[in-house]
Amino acid sequence: MAVSMGKLRWGELEDDAEDLDFLLPPRVVIGPDENGVKKVIEYRFDDAGNKVRVTTTTRVRKLTRARLSKRALERRSWPKFGDAAHEDVGARLTMVSTEEILLERPRAPGSKADEPKAAGDPFAAMGKAGAVLMVCRTCGKKGDHWTSKCPYKDLAPPTDTFLDKPPGAEAAASPAGPGKNTYVPPSMRAGAENRGTEMRRRNDENSVRVTNLSEDTREPDLLELFRTFGPVTRVYVAVDQKTGASRGFGFVNFVNRDDAEKAINKLNGYGYDNLILRVEWATPRPN
Amino acid sequence: MRPILMKGHERPLTFLRYNREGDLLFSCAKDHTPNVWFADNGERLGTYRGHNGAVWCCDVSRDSMRLITASADQTVKLWNVQDGVQLYSFNFDSPAKSVDFSVGDKLVVVTTDPFMGLPSTIQVKRIARDPNEQTTESVLTIKGPVGRINRAVWGPLNKTIISAGEDTVIRVWDTETGKLLKEADKEIGHQKTITSLSKSADGSHFLTGSSDKSAKLWDARTLTLLKTYVTERPVNACAISPLLDHVVIGGGQEAVHVTTTDRRAGKFEAKFFHKNLQEEIGGVKGHFGPINALAFNPDGRSFSSGGEDGYVRLHHFDPDYFSIRM
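Residues numbered from 1 in each chain as written. Chains lettered and ligands numbered in written order. Predicted model: local features only at pLDDT ≥ 70, side-chain atom pairs only at ≥ 80, totals over all residues. Heavy atoms only, no water.

The name recorded for chain B in an unreviewed UniProt entry is Eukaryotic translation initiation factor 3 subunit I, from Zingiber officinale. Taken directly from UniProt, the Subcellular location (unreviewed entry) text for chain B runs: "Cytoplasm". Its UniProt record gives chain B the following Sequence similarities (unreviewed entry) comment, quoted word for word: "Belongs to the eIF-3 subunit I family." (UniProt positions renumbered as here; feature names shortened; annotations may be inferred.)

Quick look at the structure:
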């Protein structure tokens, strides 16, 4: 929509441009690049008289090649019938999806799964993630269940100390036993998926230990340093109570295991406050 | 992939079928009108008006001239594919659930639901070349299975009919005599109603999907259980790829989980499994409701899925699909 101007001397253009507001910059076409993306930049006046810039980005993409047999080719030229007979070209029955849909490969167990796919026993998943952390006081068996979920509950004498403590998130499914007539919210019933507690278990698996910290390093410093790799749920710096100085080590818990790995790779050996950091997995090398 | 979305149906999809050459896609839904689309760009070619009830199943003849549809209005109708004209209507005493053309397109096997005290039946009708000579009498009627027979298909060389349904047992019947030849082993078979059955391209094996959240691959002659694919959702539809060793399974969501799972839009997926290794290859998301129909294009380069949301999604595979290694 270029306004034809006739010959314009450069000297006139140098003047105060207010006189030339009625002119619009020319249409620019940035030709199809290697991805086939074409950009067209146009200028026009909108209803209020303001100069408006319109950028249209288009990509022409071949979805597939239609290999049609002779018969199929004939069928292509059949007239439309039934409800399609009066369809105009603008009918939006058939549209190409705006979203790119991928064939998503399944994630290997142990890496982050964003969907609550804990099929079957949620405790089985918990057991796998934090096996070393679960100790049952009743039977002393490690890694299988917590005390309140102990299958051998009757063996040990009941301990009074735990009566006042309401069942924590770890023992959440136990109130769902038969004969109990307390209300159990859906998220805590047996077979409930999307347990929030799984978050904590997995986080401890994404825990990174940082050693050789300088004595004035504190939690905010570690957070600043590690947040660039991804969301961090918890930072901790061990501090000597008497002197107030850092004991030289701390822990950082990431949300994502991959971010924790990246942090380890990048920051191990990194010079921070005149000391070389040592960054490694906190628990003995998970998987 | 950029799936092509086709919204030709107002009600949930029930069945999808490609023609032999893979250029037409027929879709059946609970609205009473089957549609036909061009399989390359999803453009609608036409609709078949005439049924008065949900259309459950369809099949198209090898020359793509005749379409047969089974509907809940107790009829099975024969149509001219090209112009949507109804050529013949078979009347039954109960809703018709499934149709399948035989090799040679001379016979169709039809299943009808149990209705008002009548048992479910499997019937074979002869299809005449000339619609004017069409007769309505059944060549063969089989009564036996209890409950709905969701699918019945022809076995290899039309010698047998394979049926599967609500009573979870797959049966093989002799076409000549109507006698029961084989039954699938109850122990290893499905535990809940079989919702779908799909043959391989050469007819030597077939895949059944069931509400017991699994799909099983069977040999068509001996009814041996070959493979089992386990998913987390009841299976409503299944298909075998004609090109690669893949199967695709689509399903729904258990009613129990409707409130506790997050309502993410478009999260119903069609799951791909390696046919021999039984391992999951991946999932293709996008449907807003349970997937009720799946079909592979005979050339294996695209597939379509139909959902409870009324949409048909036509996917042309990306080049890297063909080089997936397990």
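All right, on to the overall build of chain A then. Looking only at helices and strands, chain A has six helices and ten strands in total. Here chain A holds 287 residues, and 26% of them are scored as buried. Contacts spanning at least 24 positions in sequence make up 47% of the contacts within chain A whose residues lie at least 6 apart. Accessible surface, chain A: about 20,100 Å² in total, of which carbon and sulfur atoms supply 52%. (Helix = DSSP H or I, 4+ residues; strand = E, 2+ residues; numbered from the N terminus. Buried < 20%, exposed > 50% of the residue type's maximum accessible area, 1.4 Å probe, protein only. Contact = heavy atoms within 4.5 Å. Areas by Shrake-Rupley, 256 points an atom, 1.4 Å probe, with all protein chains shown as cover.)

Now for the interface of chain A and chain B. Often, the extent of an interface is quoted as the loss of accessible area upon association of its parts. Across the boundary between the two partners, chain A contributes 39 residues, which contact 53 residues of chain B. When chain A packs against chain B, close to 4,200 Å² is buried across both sides, 51% of that on carbon and sulfur atoms. Taken as a group, A:Trp78, A:Phe81 and A:Leu103 account for 17% of the area that chain A buries against chain B, more than any other trio of residues on that side. Seen at the junction of chain A and chain B, the total is eight salt bridges. With a shortest N-O distance of 2.5 Å, B:Arg49 and A:Asp83 are connected by a salt bridge. In this assembly, chain A and chain B are joined by 21 residue pairs in polar contact (both at pLDDT 80 or more). (Buried area = accessible area lost by both parts, 1.4 Å probe. Salt bridge = Lys/Arg side-chain N within 4 Å of Asp/Glu carboxyl O. Polar contact = N/O pair within 3.5 Å; in protein donor to acceptor, adjacent residues only side chain to side chain.)

All names here are of chain A. When we look at burial in helix H6 (residues 257-267), the residues that qualify are Arg257, Asp259, Ala260, Ala263, Ile264 and Leu267. An end-on view of H6 places all buried positions within 160° of arc, on one side of the element. Facing away from the buried side of H6 by more than 90 degrees, the exposed set consists of Asn265 and Lys266. (Arc of directions from axis to C-beta.)

Another point: the side chain of B:His51. All names here are of chain B. Within the element layout of this structure, histidine 51 appears in the loop between strand S5 (44-47) and strand S6 (55-60). Classification of histidine 51 by relative accessible area gives buried; the value is 4%. Polar contacts involving the side chain of histidine 51 include one to the side chain of aspartate 73, which spans 3.2 Å. For histidine 51, the residues in contact, after removing those within four places along its chain, are His32, Thr69, Ser71, Asp73, Thr75, Lys77 and Trp79.

This part is about the sheet that holds strand S19 (residues 205-210) of chain B. Residue and element names in this part refer to chain B. Judged by pairing direction, the sheet is antiparallel, and its four strands sit side by side in the order S18-S19-S20-S21 without closing on themselves. Taken across any chain shown, the strands that pair with only one partner, and hence form the sheet edges, are strand S18 (194-199) and strand S21 (225-230). Averaged over all pairs of adjacent strands, the angle between their axes in this sheet comes to 20°, without regard to strand direction. In the sheet, S18 pairs with S19 via five bridges, with the strands oriented antiparallel. Each residue of the ladder has a partner; that of leucine 197, found in S19, is threonine 208. (Pairing = 2+ DSSP bridges. Axes fitted to C-alpha atoms, helices over the stretch in contact; angles between N-to-C directions.)

Of note in this structure, A:Asn274 is not a glycine but carries a positive phi near 70°. In this structure A:Asn274 comes out as exposed when scored by relative accessible area, which is 78%.

Bringing the packing of aromatic side chains into the picture now. All names here are of chain B. Applying the stated rule across the entire model yields 17 aromatic pairs over all chains. When the ring of tyrosine 229 is compared with that of phenylalanine 273, the centres are 5.7 Å apart and the planes differ by 55°; the resulting orientation is tilted. In this pair, tyrosine 229 is assigned in strand S21 and phenylalanine 273 in strand S24 (residues 268-274), connecting sequence segments 44 residues apart. Each member of the pair tyrosine 229 and phenylalanine 273 is classed as buried. When the ring of phenylalanine 272 is compared with that of phenylalanine 303, the centres are 5.2 Å apart and the planes differ by 80°; the resulting orientation is edge-to-face. Taken together, the residues phenylalanine 272 in strand S24 and phenylalanine 303 in strand S27 (residues 302-307) connect sequence positions 31 residues apart. (Phe/Tyr/Trp six-rings, centres within 6.5 Å; stacked < 30°, edge-to-face > 60°.)

Moving on: the pairing of strand S3 (residues 24-29) of chain B. Residues and elements named next belong to chain B. For S3, the buried fraction is high: six of the six residues fall into the buried class. Of the two faces of S3, the one carrying Leu24, Phe26 and Cys28 and the one carrying Leu25, Ser27 and Ala29 are both buried. Bridge count between strand S2 (residues 13-18) and S3: five bridges; the pairing is antiparallel. The residue of S3 that forms the bridge with leucine 16 is serine 27. In this antiparallel pair of consecutive strands, S2 and S3, the connection spans five residues, and glycine 22 shows a positive phi of 80°. Pairing analysis gives four bridges linking S3 to strand S4 (residues 35-38), with the strands arranged antiparallel. Along S4, the bridge assignment pairs phenylalanine 26 with valine 36.

The next subject is the state of the cysteines. Residue and element names in this part refer to chain B. With the rule as written, the count across this model stands at zero disulfides over all chains. Here cysteine 28 stays unpaired: no disulfide links it, and the sulfur of cysteine 58, its closest cysteine neighbor, is 3.4 Å away. The exposure class of cysteine 28 is buried, given its relative accessible area of 0%. (Disulfide = S-S within 2.5 Å.)

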